[in-house]
Amino acid sequence: MKMKEFRFAFRRGSASAFRIFTAAACARRLILSWLIAVAVQYLSLPRPLRSLTELDGLAAQSFFLLCFMTLTAFILFSLLAKKFLTQRIERWGIFFVFALLSLAALCSSFTVPYFVGCLLILAMLGVYAGFGWNGRKENGEEPIRPLQNFRPYIILTGFALLFFVFVSVWTVCRVLSYSCPTFDFGIFSQMFHQMKTSGLPTTTVERDGLLSHFSVHVSPIFYLLLPFYSLYPKPVTLQVLQAAVLVSAVIPLWKLCRRHGLSPAVSVLLSLLLLLYPAYSGGASYDIHENAFLTPLLLWLFYGIDCEKRWVVFLSGALTLMVKEDAAVYVAVVSLWLLLRSLLYGGKRNRWGLITGSILLLSSLVWFFLVTAYLENRGDGVMTYRYRNFMFSDSGSLLSVVAAVLLSPMKMIYECVDAEKLSFLAYTILPLAGMPFLTRRYERFVLLIPYILVNLMSDYQYQHDIFFQYTYGSTACLFYLTLVNLKDFLDVWERKKAAVRFAPVCAALLVSCACFAVTVVPKAIWYPEKYLSDRRYYLQVEQFLEQIPDDASVAATTFYTVPLSQRAVLYDVKYASQEHLLSTQYVVLGVGNEGSYTPYATDGQNGYRNLVRLLEQNGYSLVDRLENRIEIYKR
């Protein structure tokens, strides 16, 4: 650079000194300072403690020192920015410091998935370093043109009805074929019966004794389903209601698409993409759960924010908090994104976003601490064990998870790309054609926190399984990111041919269809086939169990608690104490369910035979037997 050009750059830097504390500049320098502090501590560790498979390295680091070094580096970079134009240097600094961290971590804990994960993040940081953040203000609200015909509505309604029937038939046949276990559907079935009869969400089967389900998970959202359940109070009703909740998400998604100016055709395709998304339809495979409410409610929350309708934001936010104690995480993350967006872009949205985001964040934090305090003091406790892979120094607090991530982001990445999570990553990202990541509006990446925190960081195997309910909250965030990033793409390519503009969503839809066909369809059709092929036997089982009075107390093996759940006292044979087991009037045993009798198994002795002997010694006698597969004992 010539001296004249250098002086010009220097003067421009000095003249722009008042801009060094913009939200974007502060965020950039804070990230760089934090990464430098992380690198200093990590590289100072002895080589054996750098391993990411253990927690000893985290315990050897100081969180206080991390904060001190981060603050010191931030101040130094801010002072430099007053004299020089350091924006580009800071961006490349983030890239090179992360590259150094990656190299050091790979030398200590090399795996192929981890190597690929680091390369992908480096590629994204390289794009940021070279091109920077897209700081142009987002497009304002798009005028929604009234549809000239009702064809898109008819098509969308048709897809929604097909999805509703598909999920209903699949899950109802699970009930009718006696494939639903005590945990968790037996719990919810008995809970809804108690809610209908007493108004309270009590169960006896959940923790081997009478208690409120809200002592385990605080989910008052279930009361919204109670009026519908009361019309036909059977276990199958709950499965149909879950299908209705899931399909309702297409309404806010459609409205969001139209709000962002997407054409009716693209809006229909995105709605269909949600219905075919393997982690969405697949989540219904383990029967009704409160998490099913998360996707529609969070999409309504995004809609309220984009429309700047505060009553929609607060109503959907409040209902989301009612889903479960950890639902506050989703509301807090959306609040942080709203606050960050408002600070970065300013304009007329700034004040509305700051006020709304602050209220939403404060409410979610207060609710979370109140509910977790209730669970710790009056309930069954918070399930922090699901993050034991981050809890160092014998800590059992979730705060240690936050500290672990800040001390070692490489540990977080290592856990997120663990080999057993690769299929989950494929089935959740490929069906969206990677669109949640394809943006230079990096503040949107805040909305990836639920996906990373809930689904990828935990070593609890069900949280990264598309056939369980833990995907519903992150699905809402992933689809919102897909929608807004797709809109940015279409704005850039608006003059291209339709084939080019439709390419991303069509590619996503094709991959999603393929994944849906490979993963969900085989599981879904298995239960109807099972029921139809042996329907006569299942009807016999239904009649066989009807001889037990509705007001009788019962203990049963796991696949017979659901059909017997319409009663006040019910226990699972495997988990019931001997005192509770022998206090019931009836005991129902599935002869082939050997796993249900493990508490009664002894060396060389069959658990089933030991249990039968125990029942006979305590005055129980065999009442009836069905095909040597089910037995009823009565005292």
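Placed above this text is the structure.
K.L.:
How should the overall build of the protein chain be read in this particular structure?
P.N.:
The helix and strand inventory of the protein chain stands at 27 helices and 7 strands. In terms of principal-axis extent, the alpha carbons of the protein chain reach across some 100 × 70 × 40 Å. Classification of the 635 residues of the protein chain by burial places 53% in the buried group. A fraction of 74% describes how many contacts in the protein chain between residues 6 or more apart in sequence connect residues 24 or more apart. A total accessible area of about 28,900 Å² is found for the protein chain, and carbon and sulfur atoms account for 64% of it. Distance between charge centroids for the protein chain: 17 Å, based on 57 positive and 42 negative side chains.

K.L.:
Is there a simple way to explain the nonpolar core in this structure?
P.N.:
Within soluble globular proteins, side chains that are nonpolar tend to cluster in buried spots. Ranked by size, the top nonpolar core spans 167 residues in total, and within it Tyr114, Tyr560 and Val588 carry the most contacts. At 11 residues, helix α22 (residues 472-492) tops the list of elements feeding residues into this core. Leaving out residues up to four positions away in the same chain, Val588 has contacts with Leu545, Ile548, Val554, Ala555, Ala556, Thr557, Tyr560, Leu564, Val573, Ile630, Glu631 and Ile632. Core analysis: the next-biggest nonpolar cluster, separate from the first, contains 18 residues, Leu581, Val587, Val591 and Leu615 among them.

K.L.:
Got a minute to help me understand the sheet that holds strand β4 (residues 570-572) in this structure?
P.N.:
Within a sheet, each strand pairs with its neighbour through backbone hydrogen bonds, oriented either parallel or antiparallel. Spatial strand order, β4-β3-β5-β7-β6: 5 strands in an open sheet with mixed pairing. Two strands lie at the open edges of the sheet, namely β4 and β6 (621-626), each paired on one side alone. Averaged over all adjacent pairs, the angle separating strand axes in this sheet is 20°, with direction ignored. As paired strands, strand β3 (residues 554-556) and β4 are joined by 3 bridges and run parallel to one another. Within β4, the position partnered with Ala556 by the bridge is Asp572. Running over the sheet, helix α25 (residues 535-545) touches β5 (586-590), β6 and β7 (630-634) and is turned about 160° from β6. Docked against the sheet, helix α27 (residues 607-617) engages β5 and β7, running at close to 165° with respect to β5.

K.L.:
Just checking my understanding: could you explain α27 for this structure?
P.N.:
Every α-helical turn comprises 3.6 residues, leaving residues that sit three or four positions apart pointing alike. Within the sequence span of α27, burial applies to Gly607, Tyr608, Asn610, Leu611, Val612, Leu614 and Leu615. Elements that come into contact with the buried residues of α27 comprise α26 (578-581), β5 and β7. Sitting at the head of α27, Asn606 places a side-chain oxygen 2.7 Å from the backbone nitrogen of Tyr608. A positive backbone phi angle near 90° is found at Gly619, which sits one or two residues after α27.

K.L.:
Mind showing me how you'd approach the pairing of β6 here?
P.N.:
Across a regular strand the side chains alternate sides, sitting on one face of the sheet and then on the other. Two elements, β6 and β7, share 5 bridges in a ladder whose sense is antiparallel. From the neighbouring strand, Leu622 faces β7, where its bridge partner is Tyr633. Counting the residues in the hairpin turn of β6 and β7 gives 3 residues, including Glu627, whose phi is positive at 50°.

K.L.:
Would you take a moment to explain the side chain of Gln469 for this structure?
P.N.:
Inspection of the secondary structure puts Gln469 in the loop between α21 (449-457) and α22. Classification of Gln469 by relative accessible area gives buried; the value is 2%. Reaching out from Gln469, the side chain makes a polar contact with the side chain of His289 at a distance of 3.4 Å. In contact with Gln469, other than residues within four places in its own chain, are Asp184, Gly283, Tyr286, His289 and Asn291.

K.L.:
How do you make sense of a nonpolar patch on the surface when you look at a structure like this?
P.N.:
Together, Phe110, Val112, Phe115, Val116, Leu119 and Leu120 give the surface a local cluster of nonpolar side chains, amounting to about 560 Å² of exposed area. Its place among the elements puts Leu119 in helix α6 (residues 112-131).

K.L.:
Before we go on, may I ask you to explain unusual backbone geometry in this structure?
P.N.:
Glycine aside, negative phi is the norm for most residues, and most peptide bonds take the trans geometry. In this structure, Asp184 follows Phe183 across a cis peptide bond, with omega equal to 20°. Of note, Asp184 is situated in helix α8 (residues 182-198). Phi is positive for Asp287, close to 70°, though the residue is something other than glycine. Considering the arrangement of structural elements, one finds Asp287 in the loop between α13 (278-281) and α14 (294-307). A relative accessible area of 0% means that Asp287 is categorised as buried. Within the chain, Asn628 stands out as a residue other than glycine whose phi angle is a positive 55°.

K.L.:
What's the story with the packing of helix α2 (residues 23-44) against helix α5 (residues 87-108) in this structure? I'm lost.
P.N.:
Their axes nearest at 9 Å, the elements α2 and α5 cross at an angle of 30°. Classified by the angle their axes make, α2 and α5 are roughly parallel. As for how α2 packs across α5, the hand of that crossing is left-handed. Here α2 contributes Arg28, Arg29, Ile31, Leu32, Leu35, Ile36, Val38, Ala39, Tyr42 and Leu43 to the contact with α5, which in turn contributes Gln87, Glu90, Arg91, Gly93, Ile94, Val97, Leu100, Leu101, Ala104, Ala105 and Ser108.

Reading the values: the criteria
Residues numbered from 1 in each chain as written. Predicted model: local features only at pLDDT ≥ 70, side-chain atom pairs only at ≥ 80, totals over all residues. Heavy atoms only, no water. Helix = DSSP H or I, 4+ residues; strand = E, 2+ residues; numbered from the N terminus. Buried < 20%, exposed > 50% of the residue type's maximum accessible area, 1.4 Å probe, protein only. Contact = heavy atoms within 4.5 Å. Areas by Shrake-Rupley, 256 points an atom, 1.4 Å probe, with all protein chains shown as cover. Lys, Arg positive; Asp, Glu negative; His and termini not counted. Charge placed at Lys NZ, Arg CZ, Asp CG, Glu CD. Core = buried A, V, L, I, M, F, W, Y, C linked by side-chain atoms within 4.5 Å. Pairing = 2+ DSSP bridges. Axes fitted to C-alpha atoms, helices over the stretch in contact; angles between N-to-C directions. Polar contact = N/O pair within 3.5 Å; in protein donor to acceptor, adjacent residues only side chain to side chain. Patch = residues over 30% accessible without salt bridge, like charges linked within 9 Å, V, L, I, M, F, W, Y side chains within 5 Å. Salt bridge = Lys/Arg side-chain N within 4 Å of Asp/Glu carboxyl O. Parallel < 35°, antiparallel > 145°, perpendicular 65-115°, else oblique. Left-handed = near helix turned anticlockwise from the far one by under 90°.

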